[in-house]
Amino acid sequence: QVQLVESGGGLVQAGGSLRLSCAASGRTFSNYEMGWFRQAPGKEREFVASISGNGRIKYYADSVKGRVAISRDNAKNTVLLQMNSLKPEDTAVYYCNRRDRAYAWGQGTQVTVSS
């Protein structure tokens with residue numbers, strides 16, 4: 001019954017920035033590790049970043065290290081992904097979800113980076 005809603009995507013030029021947001025309803029995810037994932041057309045979904053329940057432990061895929069920052073606001077039941085220095089290869093639909101036991105996937109938010 002948890003619903004995940006991603007937002008904040010858009011069209012940006014290479015080198016630009018976006019801040020993605022993930023909001024959940026139905027149950028708080030404050031106790032769970034959450035992650036961001038992305039999927040490009042014809043590609044498998046891939047891991048982007050994760051954050052522990054208390055926000056203290058973070059992991060990033062090598063492809064985005066140094067360019068993105070994951071954070072969370074458990075009081076608002078949200079997870080954020082700040083993306084900087086965007087590259088065309090970052091183009092994908094971005095999703096959030098619980099890492100250990102996934103909820104139903106949301107619609108995702110489209111990120112398109114032009115060269």
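Predicted model, so just to flag it, every value in this text is computed and none were measured.

The rules behind each value
- Residues numbered from 1 in each chain as written.
- Predicted model: local features only at pLDDT ≥ 70, side-chain atom pairs only at ≥ 80, totals over all residues.
- Heavy atoms only, no water.
- Pairing = 2+ DSSP bridges.
- Helix = DSSP H or I, 4+ residues; strand = E, 2+ residues; numbered from the N terminus.
- Axes fitted to C-alpha atoms, helices over the stretch in contact; angles between N-to-C directions.
- Buried < 20%, exposed > 50% of the residue type's maximum accessible area, 1.4 Å probe, protein only.
- Disulfide = S-S within 2.5 Å.
- Salt bridge = Lys/Arg side-chain N within 4 Å of Asp/Glu carboxyl O.

Undergrad: Please clarify how the sheet that holds strand E2 (residues 10–13) should be interpreted in this entry.
TA: Across a sheet, strands are paired by hydrogen bonds formed along the backbone, either parallel or antiparallel in direction. Pairing within the open sheet is mixed, and its six strands lie in the order E2-E10-E9-E4-E5-E6. The open sheet has two edge strands with one neighbour each: E2 and strand E6 (58–60). Direction aside, neighbouring strands of the sheet carry axes that sit 25° apart on average. As judged from the three bridges shared by strand E5 (residues 46–51) and E6, these two strands associate in the antiparallel manner.

Undergrad: Sorry, what's going on with the pairing of strand E10 (residues 109–114) here?
TA: A regular strand places its side chains so that they alternate between the two faces of the sheet. With burial as the criterion, only one face of E10 is covered, namely that bearing Thr109, Val111 and Val113; the residues Gln110, Thr112 and Ser114 on the opposite face remain uncovered. Inspection of the sheet shows E2 paired to E10 by four bridges, in the parallel sense. Bridge pairing links Val12 to Val113 in E10. Looking at chain direction, strand E9 (residues 92–98) and E10 are connected through three bridges and run antiparallel.

Undergrad: Hey, could you run me through the state of the cysteines in this one?
TA: Note on terminology: disulfide describes a covalent bond linking the sulfur atoms of two cysteines. With the rule as written, the count across this model stands at one disulfide. Here Cys22 connects covalently by a disulfide to Cys96, the sulfurs 1.8 Å from one another. The sign of the 60° torsion about the S-S bond sets the Cys22-Cys96 disulfide as right-handed. In this pair, Cys22 is assigned in strand E3 (residues 18–25) and Cys96 in strand E9, connecting sequence segments 74 residues apart. The two residues Cys22 and Cys96 agree in class, both being buried.

Undergrad: Hey, could you run me through the pattern of salt bridges in this one?
TA: Close approach of charged atoms allows side chains with opposite charge to pair. The final tally for this structure, using the stated rule, is seven salt bridges. Here Glu33 makes a salt bridge to Arg99, at a shortest N to O gap of 3.9 Å. Of the two residues, Glu33 is situated in the loop between E3 and strand E4 (34–39) and Arg99 in the loop between E9 and E10; the sequence distance between them amounts to 66 residues. In this structure, Asp90 and Arg67 form a salt bridge, with 2.8 Å as the shortest nitrogen-oxygen distance. Here Asp90 is found in the loop between strand E8 (78–83) and E9, whereas its partner Arg67 is found in the loop between E6 and strand E7 (68–73), with 23 residues between them in sequence.

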